[in-house]
2 protein chains.
Amino acid sequence: MSKSKIQPRLLKGFRDYLPQAALAREQMIRTLQDVFASFAFTPIDTPALEYAEILLGKGSEETDRQLFRFEDNGGRDVALRFDLTVPLARFAAMYTNDLGSPFKRYHIAPVWRAEKPQRGRFREFIQCDFDILGAASAQSDAEIVAVIHSALEELGVAHKIRINNRKLLNGLLETLGVSGSSAAVLRAIDKLDKQGEEAVRRELSDTAGLDSDQASRLMEFLQISESSPSAAIEAASQIVGRSEIGMLGASEMKAVIDNTEAYGIPAECLEIDLRIARGLDYYTGTVFETLCSELPDIGSICSGGRYDNLVEVYSNRQLPGVGASIGLDRLMAALEELEKLSARSTPADVLITIGSEAAVAPSCALASKLRQSGLNAYLYPEVKKLANQLKFANRIEVPFAIIASDEQLSVGKCSLKDMQSGEQLDDLTFDIAAEKLLARR
Amino acid sequence: MSKSKIQPRLLKGFRDYLPQAALAREQMIRTLQDVFASFAFTPIDTPALEYAEILLGKGSEETDRQLFRFEDNGGRDVALRFDLTVPLARFAAMYTNDLGSPFKRYHIAPVWRAEKPQRGRFREFIQCDFDILGAASAQSDAEIVAVIHSALEELGVAHKIRINNRKLLNGLLETLGVSGSSAAVLRAIDKLDKQGEEAVRRELSDTAGLDSDQASRLMEFLQISESSPSAAIEAASQIVGRSEIGMLGASEMKAVIDNTEAYGIPAECLEIDLRIARGLDYYTGTVFETLCSELPDIGSICSGGRYDNLVEVYSNRQLPGVGASIGLDRLMAALEELEKLSARSTPADVLITIGSEAAVAPSCALASKLRQSGLNAYLYPEVKKLANQLKFANRIEVPFAIIASDEQLSVGKCSLKDMQSGEQLDDLTFDIAAEKLLARR
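Every value quoted in this text rests on a predicted model; they were computed, and no experiment measured them.

### Here we look at the overall build of chain A
Part 1 of the reasoning: Of the regular secondary structure elements, chain A holds 17 helices and 16 strands.
Part 2 of the reasoning: Against the compact-globule benchmark of 22 Å for 441 residues, chain A has a radius of gyration of 28 Å, which places it well outside the compact range.
Part 3 of the reasoning: With the principal axes as the frame, chain A shows a C-alpha extent of 90 × 55 × 45 Å.
Part 4 of the reasoning: Split into buried and exposed, the 441 residues of chain A put 47% on the buried side.
Part 5 of the reasoning: Contacts in chain A between residues at least 24 apart in sequence constitute 67% of all its contacts with a sequence separation of at least 6.

### Digging into helix H9 (residues 192–206) of chain B
Part 1 of the reasoning: In a regular helix each residue adds 1.5 Å, so 15 residues correspond to 21 Å; H9(B) covers only 16 Å between its end C-alpha atoms and thus falls short of that length.
Part 2 of the reasoning: The largest bend in H9(B) amounts to roughly 75° and is located at Glu198(B).

### Some remarks on the nonpolar core
Part 1 of the reasoning: Ranked by size, the top nonpolar core spans 268 residues in total, and within it Val350(A), Ile352(A), Ala377(A), Val350(B), Ile352(B) and Ala377(B) carry the most contacts.
Part 2 of the reasoning: In this view, Val350(A) contacts Leu370(A), Leu375(A), Ala377(A), Tyr378(A), Val398(A), Phe400(A), Ala401(A), Ile402(A) and Leu437(A); residues no more than four positions away in its chain are not counted.

### Some thoughts on the sheet that holds strand E7 (residues 159–165) of chain B
Residues and elements named next belong to chain B.
Part 1 of the reasoning: If you trace the eight strands from one edge of the open sheet to the other, you get E1-E5-E6-E11-E10-E9-E7-E8, paired in mixed fashion. For this open sheet the edge positions go to strand E1 (42–43) and strand E8 (270–272), each flanked by a neighbour on one side alone.
Part 2 of the reasoning: As defined by bridge partners, E7 adjoins E8 across three bridges and the pair is classed as parallel. Of the residues in E8, the one forming a bridge with Ile163 is Ile272.

### Looking at the sheet that holds strand E15 (residues 413–418) of chain A
In a beta sheet, neighbouring strands are held together by backbone hydrogen bonds and run either parallel or antiparallel to one another.
Residues and elements named next belong to chain A.
Part 1 of the reasoning: Read from one edge to the other, the open sheet built from five strands follows the order E13-E12-E14-E15-E16, with strand pairing classed as mixed. If you trace the sheet from one side to the other, it starts and ends with strand E13 (377–379) and strand E16 (424–429), each paired once. Between one strand axis and the next, the sheet turns by 25° as a mean value, whatever way the strands run.
Part 2 of the reasoning: Together, strand E12 (350–352), E13 and E15 form the strand contacts of helix H14 (residues 357–372), whose direction differs from that of E13 by roughly 165°.

### What to know about the relation of the copies chain A and chain B
Part 1 of the reasoning: Rotating chain A by 180° about the axis while translating it 0.0 Å along that axis superimposes it on chain B, leaving an RMSD of 0.1 Å. A rotation of that kind, with that shift, is consistent with a two-fold axis. Residues of chain A ranked by C-alpha distance from the rotation axis are headed by Phe70(A), positioned 3.1 Å from it.
Part 2 of the reasoning: Comparing interface residues between copies, 99% of those in chain A also lie at the interface in chain B; the contact surface is shared.

### Let's talk about the interface of chain A and chain B
Part 1 of the reasoning: The interface is formed by 85 residues belonging to chain A together with 84 residues belonging to chain B.
Part 2 of the reasoning: With eight residues, the top contributor of residues to the side of chain A that touches chain B is helix H1 (residues 19–38) of chain A.
Part 3 of the reasoning: When grouped by side-chain class, the residues that make up the side of chain A that touches chain B number 49 nonpolar, 19 polar and 17 charged.

### Details of the packing of helix H7 (residues 166–176) of chain A against helix H11 (residues 229–240) of chain A
Residues and elements named next belong to chain A.
Part 1 of the reasoning: Contact geometry of H7 with H11 gives a least axis separation of 9 Å together with a crossing angle of 25°. Considered as vectors, H7 and H11 are oriented roughly parallel to each other. Contacts from Leu168, Gly171, Leu172 and Thr175 of H7 reach H11 at Ala236, Ile239 and Val240.
Part 2 of the reasoning: A class-by-class count of the residues in the contact of H7 with H11 yields five nonpolar, two polar and no charged.

### A closer look at unusual backbone geometry
Residues and elements named next belong to chain A.
Part 1 of the reasoning: In this model, Ser101 is joined to Pro102 through a cis peptide bond whose omega is 0°.
Part 2 of the reasoning: Within the secondary structure layout, Pro102 lies in the loop between helix H5 (96–99) and strand E5 (103–112).
Part 3 of the reasoning: The phi angle at Ala40 is positive, at roughly 65°, despite the residue not being glycine.
Part 4 of the reasoning: Relative to the helices and strands, Ala40 is located in the loop between H1 and strand E1 (42–43).
Part 5 of the reasoning: Taking the number of C-beta atoms within 10 Å as the measure of exposure, Ala40 has 24 and is therefore buried.

### What to know about the pairing of E7(B)
All names here are of chain B.
Part 1 of the reasoning: Within E7, five of the seven residues are buried, leaving the element largely enclosed by the surrounding structure.
Part 2 of the reasoning: The pairing of E7 with strand E9 (residues 283–292) spans seven bridges and is classified as antiparallel. Across the sheet, Asn165 pairs through a bridge with Thr286, a residue of E9.

### Comments concerning the environment of Phe82(A)
Part 1 of the reasoning: With respect to the helices, strands and loops of the structure, Phe82(A) is situated in the loop between strand E4 (77–80) and helix H4 (85–94).
Part 2 of the reasoning: As a C-alpha pair, Phe82(A) and Pro110(A) span 28 residues in sequence and 8.7 Å in three-dimensional space.

### Quick notes on the pairing of strand E5 (residues 103–112) of chain B
Residue and element names in this part refer to chain B.
Part 1 of the reasoning: Among the 10 residues that make up E5, seven are buried, leaving the element largely enclosed by the rest of the structure.
Part 2 of the reasoning: Looking at chain direction, E1 and E5 are connected through two bridges and run parallel. In the strand pairing of E5, Thr42 is matched with Arg105.
Part 3 of the reasoning: Where E5 meets strand E6 (residues 124–133), 10 bridges bridge the pair, whose relative direction is antiparallel. Among the inter-strand pairings, Ile108 is bridged to a residue of E6, identified as Cys128.

### Examining the environment of Tyr51(A)
Part 1 of the reasoning: Summarising the element assignment, Tyr51(A) is placed in strand E2 (residues 49–51).
Part 2 of the reasoning: Considered as a pair, Tyr51(A) and Arg76(A) are 25 residues apart in the sequence and their alpha carbons are 7.4 Å apart.
Part 3 of the reasoning: With residues up to four places along the chain from it excluded, the contact list for Tyr51(A) reads Arg76(A), Asp77(A), Val78(A) and Leu11(B).

### Things to note about H7(A)
All names here are of chain A.
Part 1 of the reasoning: When you tally the buried positions in H7, you get nine out of 11 residues, the bulk of the element.
Part 2 of the reasoning: Looking at H7, one finds that the buried residues are Arg166, Lys167, Leu168, Leu169, Asn170, Gly171, Leu172, Leu173 and Leu176.
Part 3 of the reasoning: Summarising the contacts, the buried residues of H7 are in contact with strand E7 (159–165), helix H8 (182–189), helix H10 (212–222), H11, helix H12 (244–262) and strand E9 (283–292).
Part 4 of the reasoning: The positive-phi residue at the C-terminal boundary of H7 is Gly177, with phi of around 75°.

### Considerations on the domain arrangement of chain A
Part 1 of the reasoning: We note that the domain assignment places domain 1 (19–337) and domain 2 (350–439) within chain A.
Part 2 of the reasoning: Each of domain 1 of chain A and domain 2 of chain A has a C-alpha centre, and the two are 50 Å apart.

### Describing the confidence of the model for chain A
Part 1 of the reasoning: Predicted confidence across chain A gives a mean pLDDT of 93, with 98% of residues reaching 70 or more.
Part 2 of the reasoning: Among the prediction metrics, the complex's ipTM stands at 0.95, with pTM recorded as 0.95.

### Quick look at the environment of Ala93(B)
Part 1 of the reasoning: Positionally, Ala93(B) belongs in helix H4 (residues 85–94).
Part 2 of the reasoning: Linking Ala93(B) and Val313(B), residues 220 residues apart in sequence, is a C-alpha distance of 9.1 Å.
Part 3 of the reasoning: Leave out the neighbours within four places in its chain, and Ala93(B) touches Pro8(A), Val311(B), Tyr314(B) and Ser315(B).

Cut-offs used in this document
Residues numbered from 1 in each chain as written. Chains lettered and ligands numbered in written order. Predicted model: local features only at pLDDT ≥ 70, side-chain atom pairs only at ≥ 80, totals over all residues. Helix = DSSP H or I, 4+ residues; strand = E, 2+ residues; numbered from the N terminus. Rg over C-alpha atoms; globule rule 2.2 N^0.38 Å. Buried ≥ 20, exposed ≤ 12 C-beta atoms within 10 Å, placed from the backbone. Contact = placed C-beta atoms within 7 Å. Expected span 1.5 Å × (residues − 1). Bend = angle between axes of the 7 residues up to and from the residue. Core = buried A, V, L, I, M, F, W, Y, C linked by C-beta atoms within 7 Å. Pairing = 2+ DSSP bridges. Axes fitted to C-alpha atoms, helices over the stretch in contact; angles between N-to-C directions. Least-squares fit on C-alpha atoms with pLDDT ≥ 70 in both. Nonpolar A, V, L, I, M, F, W, Y, C, P; charged D, E, K, R; others polar. Parallel < 35°, antiparallel > 145°, perpendicular 65-115°, else oblique. Domains from an automatic or database assignment. pLDDT = per-residue confidence, 0-100.

Okay, here's the thing in structure tokens:
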């Protein structure tokens, strides 16, 4: 390489999408768009760049550290969005009157975080959020669960949606008389999976100030694992007792489960899990996580929940909502590991080889005919040895090739070669070739 | 608004996409994806952020000024991409061996330019590029023209693709013995539309050093407006004379036109226009611009051409190609002005009203049935007065509403109301309701 060349390279933590990955991702996004549309969610979009003040809102130090933030040419303090929730809040606060209520939107777009890069985690990734704003009903919580289920079903991902309701735990803490310790309790609970019961009991006693009886009652609650949702809700209600907030949580949870049954979501796709907390502040009712049944270890592929007031940072208006976010990249990695991701790097159904300059014009006509039939036709872009063109067809894994001599083309005929079996059908009219290809698609 | 609230606002030059615009844009993008796939182009994607050095390449001062450029948390000099051509060049240089040749890709993604904001021009906008790399044939130039035509036809945009070939003008300058003045001549020609022949002649004489005969010959060439492409090419060849590069240009142009005829592109969609230059350096052969026939004044909605070496900034390898870029935002603005853009702000085919808490579960089942039939069903998310729900249906312009009493639902029946005519069909089974909706879709 001569000295004056610039070395082509990527920033650390960023990636390119080569054809196979880009094609698979495009197909996933289109499937998700179709599912969202079937539930009558509408897309929106917001700018990648916003005032840092807007994006930081009441954000944490961690958010601040992860922000790609800079001064623009006009001296403004700007940053790249790090999620799609904050832009939604800003958007909802600005267009209250235009949007009306309820408002169901989805947003599929990249976000940027200056995180420490690690395997499978990038500094730019696509988020895929969907929310119902302006409705406080359990029915809308259930609709979000139904969207998650339909989306994953359409993508061919066996899954289990784990549901909880924050009001149940709040009710238990009220019954135990330790509502004031709820943040410390939540922090302790979050460690249950990793550190085990003994460690969590110690923390509940040392930090949250629960006595042994209180801790036992909490543990009993968290470890409810009745096989049916209604039995789990019943068991939880027993432990939570007569706290008003707790009873509300139980009835919301029951309503969500009833609705998901009405939606026809199979029981094995749902689970009540009282340990799911999903952060400290934001969620106020239903919360959920979703595991990929065949790869539970990769963690939740779709999480979310209900919040009381989306726009509180920007407006005095109250705007409740419920929503979830699909981790597209994590889901794609899972599909790849399960060998369910298309390995194709071209959308072509057929490659039309070009045997001579005289073949170009009739081959253009043939390609047009195939495209009009709904086929994706790769017209080889120049005259080259046939062997090279067929080698290329194998390389890009196109399933069929069309080969035709000038004589064949002059009478509107061609041959169709199956690139896998090697089988070749000769002297087909263009229409018959299109039919054969459509039948084997 | 209380003092502690942050005022929700956008950065100057940026815009939000509300549902109507986002839905229309999503539909346009999907149409384009389908067209690109039918020609067997594959998608790729690259990061929004790159090393500034990579993006600037051999860039101009203007590019530098328009760049959103900053130092990231790791002290790297980075910037947001300002087009999709430079990232393609970097990409092609890095993955030469993985991609093979030829390589046909498209890339639909946002780019950022810190331009002075003006009506219809934003600092963030979506570009939509498609290129064929690794083939130097006129056939691939014609394929790009065919993609432009198919894309605009699918989008319902009457258009005229204006084609030129830089080699013809170069040939004429060679014949006139003024090859050295080509940059000055191109600059003068660019002013022909705005300043008229006299001003251009003066500039040709003063700046480019052409004498009156030379200028006349050039003017004669530029003003060729034969109605048929082959007559125009013939007339141009006559003026250009026996220059080798000029003859090559004429034969390339003829091959492109022959191919577009084979593709079945109507003659009224094509025009030879010898005045099209498309910048000074980059393009080396075929160049094109595309006018929207009903709104020619908005300027070119799709431009491009052939280049000799895409990767020269990053590699010693030679990589010729041809491609074009659709200005999605300009095209969307045109469709809106022509009232061809969908005005709908929801994908919903029908709104299912909710009359009582008891109606929720059977309505979820109904919604599922409609969705399984391929319909987009908006389930109203909470119990509210029917009048309010129908008002909402009108507001979001959903064409039908389903209304059902608890009694109707309990026997699997519902009523279907046409929101435009007010006509209502009663006591339909869910299946019949789905059928009626599909038939009127």
